[in-house]
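# Breakdown of the fold
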Amino acid sequence: MLDFIEDLGDGIYAIDTGFQRPRFDAAYLMVEDGRAAFIDTGTNHAVPRLLAALAALGLATGAVDWVIPTHVHLDHAGGVGLLMEALPRARALVHPRGLRHMIDPKALWLGALAVYGDAEMQRSYGKLVPVPAERAEASHDNQVVHLADRPLRLIDSPGHAKHHHAIWDEKSRSWFTGDTFGLSYRAFDIDGRAWILPTSTPVQFEPEALKATVARLLAAEPLAMQVTHYGRIGGSVAEVRRLAAVMLEQVEEMVALAESLRRAPDRHDRLKAGLLNGYLARLRDHGHAAGSEAADWLALDAELNAQGLEVMLDRSAR
């Protein structure tokens, strides 16, 4: 097996897309009775790895029936169009709020370009490729599609983004959660126990919607969650519930921190510092040394989550 592919059992493979750093961003390949589906794709730069994973498993490109981004943020869906060009039979299944951005990604590109600049966009994402409209369709809440005879149920899952759906796989009793069940980096596992934090990446973080989504995910009594950042977490209903409780407790803390700094002149810097200090304190409670290497790893999350919390504050002030 190629070193960027992890066999998770039940015909599910995590593919390290190579985005930013190792084991940061996963795409999932599901295989059932010779048919295949990708759930999240990473960026354009991940496409060679996705196609190599198919080949490593002895699957032709024509074996892929579905490409399903959980939402249209570029680390999850930036490679959909380019990947679809290599998959002659695949259809893209996209949240209805995100579908138009897969068919015409101009707005996605311009929005990210304004934040990152052209050089970084080319380095991290590459030029976005549109998905032909006739090969793409919108999902709907509680929709069931099949991979061979394996049912996959999609639900609307706002909180991180309004254009987000999650995918339930009954065979593995797990959800593919995109970013609605937070981030959990394998570098911070201690004695096989995962550490988790929420993501409020801009621009549609909605705490109450996120809490409702998590409650809905838990109602299925999942054994595991397949998170994009990064991999399979859980292993039992009780462990998934523990992780959910830890994450939601942090959501409350994040919102309280943001509210306390609503009118602070140096709001962004204090938000970022407060978030990072909170992450490191929780890491230490988890049993991790949480030194400078961990701080460097989590600096990007602190920055993006601070931005998202500020968007939330500004939206509520209108």
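Summarised in this report is the structure supplied together with it.

Thresholds, definitions, all that
- The residue count restarts for each chain, going from 1 along the sequence in the order it is written.
- Since the coordinates come from a predicted model, pLDDT governs what is reported: local features require at least 70, and pairs of side-chain atoms require 80 or more to be given and counted, while whole-chain, interface and lining totals use all residues.
- By convention in this description, side-chain values take in all heavy atoms of the structure and omit both hydrogens and water.
- Secondary structure is summarised from DSSP: a helix means a run of H or I of at least four residues, a strand means a run of E of at least two, and numbering begins at the N terminus for each.
- By definition in these notes, contact holds between two residues if any of their heavy atoms fall within 4.5 Å.
- For each residue, the accessible area found with a 1.4 Å probe, counting protein chains only, is set against the maximum for its type, and the residue is called buried under 20%, exposed over 50%, and partly exposed in between.
- Polar contact criterion, stated in full: a pair of N or O atoms within 3.5 Å, where within protein one must be able to donate a hydrogen and the other to accept it, and residues adjacent in sequence count only if both atoms are side-chain atoms.
- Note on terminology: a nonpolar core comprises buried Ala, Val, Leu, Ile, Met, Phe, Trp, Tyr and Cys residues joined through side-chain atoms within 4.5 Å.
- Following DSSP output, two strands are said to pair if at least two bridges run between them.
- In this analysis, axes come from line fits to C-alpha atoms, helices being fitted only over the stretch in contact, and the angle between any two N-to-C directions falls in the range 0 to 180 degrees.
- Between the first and last residue of a helix there are one fewer steps than residues, each counted as 1.5 Å, and that sum is the expected span.
- The directions considered for the arc run from the helix axis to the C-beta atoms.
- Crossover handedness is defined here as right-handed if the route from the first strand over the helix to the second strand goes clockwise, with the strands pointing away from the viewer.
- Any angle that falls under 35 degrees is termed roughly parallel, while one over 145 is termed roughly antiparallel, one within 65 to 115 roughly perpendicular, and all others oblique.
- In this scheme, a crossing is called left-handed if the near helix is turned counterclockwise away from the far one by less than a right angle; it is called right-handed if the turn is clockwise.
- Following the grouping adopted for this structure description, the nonpolar residues are Ala, Val, Leu, Ile, Met, Phe, Trp, Tyr, Cys and Pro, the charged ones are Asp, Glu, Lys and Arg, and the polar ones are all others, Gly among them.

### Some details on the environment of Tyr116
Among the structural elements, Tyr116 can be located in helix H5 (residues 106-116). Apart from the residues within four sequence positions on either side, Tyr116 is in contact with Met121, Tyr125 and Leu304.

### As for the environment of Thr201
By the element assignment, Thr201 lies in the loop between strand E11 (174-178) and helix H7 (207-219). You can call Thr201 buried: its relative accessible area is 19%. On a C-alpha basis, the gap between Thr201 and Leu298 in space is 13 Å, while along the polypeptide they are 97 residues apart. Discounting chain neighbours no more than four positions away, the residues touching Thr201 are His160, Leu304, Asn305 and Gly308. A distance of 2.8 Å separates the side chain of Thr201 from the side chain of Thr199, its partner in a polar contact.

### A look at the nonpolar core
In this structure, Leu29, Phe38 and Leu298 are the most contacted members of the largest nonpolar core, which totals 67 residues. The greatest single-element share of this core, amounting to 9 residues, is contributed by helix H10 (residues 292-316).

### Section: the sheet that holds strand E13 (residues 231-234)
The mixed open sheet is built from 6 strands, whose spatial order is E8-E9-E10-E11-E12-E13. The strands lining the two open edges of the sheet, one partner per strand, are strand E8 (143-147) and E13. Ignoring which end each strand starts from, the neighbouring axes of this sheet average 25° apart. Seen against the sheet, helix H8 (residues 237-260) touches strand E12 (224-227) and E13 and runs at an angle of roughly 100° to E13.

### Remarks on the sheet that holds strand E5 (residues 64-68)
Backbone hydrogen bonds hold the strands of a sheet together, and the pairing may be parallel or antiparallel. In spatial order, the strands read E1-E2-E3-E4-E5-E6-E7; together these 7 strands make up an open sheet with mixed pairing. Pairing within the sheet leaves two strands with one partner each, and these edge strands are strand E1 (5-9) and strand E7 (136-138). Within this sheet the neighbouring strands show an average axis-to-axis angle of 25°, counted without direction. Where strand E6 (residues 91-94) lies against E7, 3 bridges are found, and the strand directions are parallel. Considered in E7, the bridge of Ala92 is made with Ala136.

### Some remarks on the pairing of E6
Direction of pairing for E5 relative to E6: parallel, over a ladder of 2 bridges. For Val67, the partnering residue across the bridge sits in E6 and is Ala92.

### Describing unusual backbone geometry
Look at the link from Pro202 to Val203: it is a cis peptide, with omega at 20°. When you line up the elements, Val203 lands in the loop between E11 and H7. Residue Tyr230 is reached from His229 by a cis peptide bond, and omega for that bond is 0°. Structurally, Tyr230 is set in the loop between E12 and E13. For Asp10, which is not a glycine, the phi torsion comes out positive at approximately 60°.

### Side note on H7
The α-helix winds at 3.6 residues per turn, so residues separated by three or four positions along the chain end up facing the same way. The terminal C-alpha atoms of H7 lie 19 Å apart, and with 13 residues this matches the ideal 18 Å at 1.5 Å per residue to within 8%. Taken together, the buried positions of H7 are occupied by Pro207, Leu210, Thr213, Val214, Leu217 and Leu218. Take H7 and look down its axis: the buried residues cluster within an arc of 135°, on one side only. Those residues of H7 that are exposed and aimed more than 90 degrees away from the buried face are Glu208 and Ala219.

### Some thoughts on the pairing of strand E4 (residues 35-39)
Looking along a regular strand, one sees side chains alternate from face to face of the sheet. Here E4 lies mainly inside the structure; 5 of its 5 residues are buried. Neither face of E4 is left uncovered, since the one carrying Arg35, Ala37 and Ile39 and the one carrying Ala36 and Phe38 both have all their residues buried. Relative to E4, strand E3 (residues 26-32) runs antiparallel, the two being bridged by 5 bridges. Directly across from Glu32, in E4, lies its bridge partner Arg35. Adjacent in sequence and paired antiparallel, E3 and E4 are bridged by 2 residues, among which Asp33 carries a positive phi angle near 50°. When E4 meets E5, the two strands line up parallel, connected through 4 bridges. The residue of E5 that forms the bridge with Ala36 is Val64. With respect to chirality, the unit in which E4 leads through helix H1 (residues 47-56) into the neighbouring parallel E5 is right-handed.

### Section: the packing of helix H9 (residues 267-286) against H10
At a minimum axis separation of 8 Å, H9 and H10 run at an interaxial angle of 130°. Judged on the interaxial angle alone, H10 and H9 are oblique. The element H9 and its partner H10 pack so that their crossing is right-handed. Considered class by class, the residues forming the contact of H9 with H10 number 14 nonpolar, 3 polar and 6 charged.

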